[in-house]
Structures are given as C-alpha cells and as structure tokens.
Amino acid sequence: MNACPERNLLHFLQHVPDPRGRQGQRHSHVAMLATIICATLCGAKGYRAIAQWIHLQSTDLWHALGYFRRPPTRNAFRDLLIGIDPNELEKALWDWVCQGLGLELSEDDLQAVSIDGKTLRGTMSEHQRTLHVLALLDQQTGCVLGQMPVDPETNEAKAALQMLTEMVVKGRVVVADAMFCQRDVCQQILDSGGEYLVVVKDNQPAVKREIQHAFAQPKSFSPLRSEKSSSGPSHSQNV
C-alpha cells in the first residue's frame, strides 16, 4: 500500500506508539485506531459496536484503513485502548483537527468552555475501579481541549487544578457544576486570566445556602431580585 498522505488521519496516527508486543501485532494499530475514531464519529458506543461497524464496511475501506486481513474483534480493540498512551493519542487527534482538517481556533472562536468529569463504560478490570476522566470542552466547536484521568484517591476538583494550569483559559469563561465550586479552583481560573460560571442547584443545599447568605449582605450584589425589593420602589432607588 502507498504511504499515508500528509495531513491524513492515518498520517497523524502513525506517531502514536504501539503498546503491543510483537506477538500481538496481527493488525496495524494505526488501522485499528482509525477504525475506533471513524466508528465513534458514526455513533458507535462500546467495543462491540466498533467491531460491528468495521465488519459492516466494504473490503475497499478495510484496505484504505490499512487492514491486510479481516478486521479484529471487540476484545482486540479493547486491549489496544487499554494499553495506548492517552496523551499521545490526544495529541495526534488534535494535530489532525488543527493541521489535517485546517480547523483554526482563534481567540474569537473560543468563548465558553465546560469542565466536567465522566466515568467511562467498559473500563472496569479485576481489582480495579472504572476509569474516571475529566475533560475541558469548547462549547462553540464541540472540540475537547484537554482531558486527564482522575486519580481514585482524589476528586474532580483537585484534578481540575492541574488541568487548568496546563490550559490557556485567558479570555475564556469556564462553566462548571457545583463540584468545582471550590475557592482554589475559582482562584486558579482568575489567576490564569479567565472567568468562571459555577452552577449550584438544589442537589447541593449546603453550598446553595452559603451563597444565598453571602448575597444577603448589604454590600453584595445578586442578579436575582428578592421578593421584598421587587415589590416596591425602594429597589430602584437603592440601585
């Protein structure tokens, strides 16, 4: 087969190290990674769906992705993803988006970013917990700007401190839930030149009560008008 053209997805995936031993290299890891990405973009969720997707494709597509024989089963995709370096894969995908697809992300394009954590399905192994990942998502483009695993011995807020030091948040508004309503997290965003919007709902009654008490002080300002101030003309006079 011909070498992968420059700026092609396969070209960037070649830079991801293959974690398998020589006996486990029956299929090209580049072809398998490309399969995982394409299947996921087509809506596949889980190893079984990924394997089903590639087996439903034509032989020409198999060859185009780099397969020389019938594609592998779900267990092979699972083993590859468990052993692959997530940082190397993320870098390859980011280079593909920016260089291969030519998607330019200027300062004007990035306004609000969301930070959130999710537990990944199918990542539980014997005597181990499921993998929990913290991600920073650009709301306008839908691109994942960065992600990192959360140490089982800590929580999302502590992991966010490390992620925020490695990301450029200047001029951005970081949107998060009550998990990140922590003084050190919010201060880190401000120190990095960003702003934050933390949503606290009724499922966090203690935090919500503290916020209400803080805004009840005469020198504080809240965007929510109280019933007393909204019923009379004194509110407009005070403002």
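Coordinates for the structure precede this section.
This report concerns the structure included in the present document. Note that the structure is predicted; figures quoted are calculated from it, not measured.

**Let's talk about the overall build of the protein**
Inference 1: Within the protein, the secondary structure is distributed over 11 helices and five strands.
Inference 2: Within the protein, the proportion of its 239 residues that are buried is 29%.
Inference 3: Expressed as a percentage of contacts within the protein between residues at least 6 apart in sequence, the contacts between residues at least 24 apart total 48%.
Inference 4: Entry remark: accessible area of the protein is about 16100 Å², with carbon and sulfur atoms responsible for 51%.

**Quick notes on the sheet that holds strand β3 (residues 144-149)**
Inference 1: Spatially, β3-β2-β1-β4-β5 is the arrangement adopted by the five strands of the open sheet, whose pairing is mixed. This sheet does not close on itself; its edge strands, each paired only once, are β3 and β5 (195-199). Between one strand axis and the next, the sheet turns by 20° as a mean value, whatever way the strands run.
Inference 2: Where strand β1 (residues 112-119) and strand β4 (residues 173-177) come together, three bridges link them in parallel fashion. Looking across to β4, one finds that V113 is bridged to V174.
Inference 3: Strands in contact with helix α7 (residues 156-166) are β1, β2 (132-138) and β3; relative to β2, the strand with the most contacts, it is inclined by about 50°.

**Focus on the pairing of β1**
Inference 1: Note: β1 against β2, seven bridges, orientation antiparallel. Residue pairing for β2: K118 is matched across the bridge by V133.

**Digging into the state of the cysteines**
Simply put, disulfide is the name for a covalent bond between the sulfur atoms of two cysteines.
Inference 1: One pass over the structure, following the stated rule, counts zero disulfides.
Inference 2: The closest cysteine sulfur to the non-disulfide-bonded C42 is located on C38, 6.8 Å from its own sulfur.
Inference 3: Here C181 stays free of any disulfide, with the sulfur of C186 as its closest cysteine sulfur at 5.7 Å.
Inference 4: Residue C181 is classed as partly exposed on the basis of its relative accessible area of 28%.

**Focus: empty space enclosed by the protein**
Inference 1: Per the counting criterion, the structure on display carries one cavity of 30 Å³ or more.
Inference 2: Considered as a void within the structure, the largest cavity measures approximately 50 Å³ in volume.
Inference 3: Of all the secondary-structure elements, those providing two or more residues to the lining of the largest cavity are β4, α8 (183-191) and β5.
Inference 4: By residue class, the composition of the lining of the largest cavity is 10 nonpolar, no polar and no charged.

What counts, and where the lines are drawn
- Throughout this document, residue positions are counted from 1 along each chain, in the order its sequence is written.
- Thresholds applied to this predicted model are a pLDDT of at least 70 for local features of residues and 80 or more for the giving and counting of side-chain atom pairs; totals over whole chains, interfaces and linings are not thresholded and use all residues.
- Only hydrogens and water are set aside when side-chain values are computed; all heavy atoms of the structure are taken into account.
- For the purposes of this entry, the term helix denotes a DSSP run of H or I that reaches at least four residues, the term strand denotes a run of E that reaches at least two, and both are numbered from the N terminus.
- The buried label applies to any residue whose accessible area, calculated with a 1.4 Å probe on protein chains only, is under 20% of its type's maximum; exposed applies above 50%, and partly exposed to all values in between.
- Contacts are assigned to residue pairs with any non-hydrogen atoms lying within 4.5 Å of each other.
- Under the convention used here, a 1.4 Å probe and the Shrake-Rupley method define accessible areas, while residue burial counts only the protein chains that appear.
- A pair of strands is considered paired only if DSSP assigns at least 2 bridges between the two.
- Axis angles are defined between N-to-C directions and span 0 to 180 degrees, where every axis is a line fitted to C-alpha atoms and, for a helix, only to the segment in contact.
- Any pair of cysteine sulfurs within 2.5 Å is marked as a disulfide.
- Each cavity reported here is a set of points on a 1 Å grid over the protein atoms alone in which a 1.4 Å probe fits but cannot get out, each pocket an open set with protein on both sides within 12 Å along at least five of seven lines, and each lining residue one with an atom within 4 Å of a point.
- Grid points are joined across faces, edges and corners, and a volume is the space filled by probe spheres set on the points.
- For this scheme, ten residues count as nonpolar: Ala, Val, Leu, Ile, Met, Phe, Trp, Tyr, Cys and Pro. Four count as charged, namely Asp, Glu, Lys and Arg, and the remainder, Gly too, count as polar.

Functional significance is not addressed by these values, which are geometric in nature.
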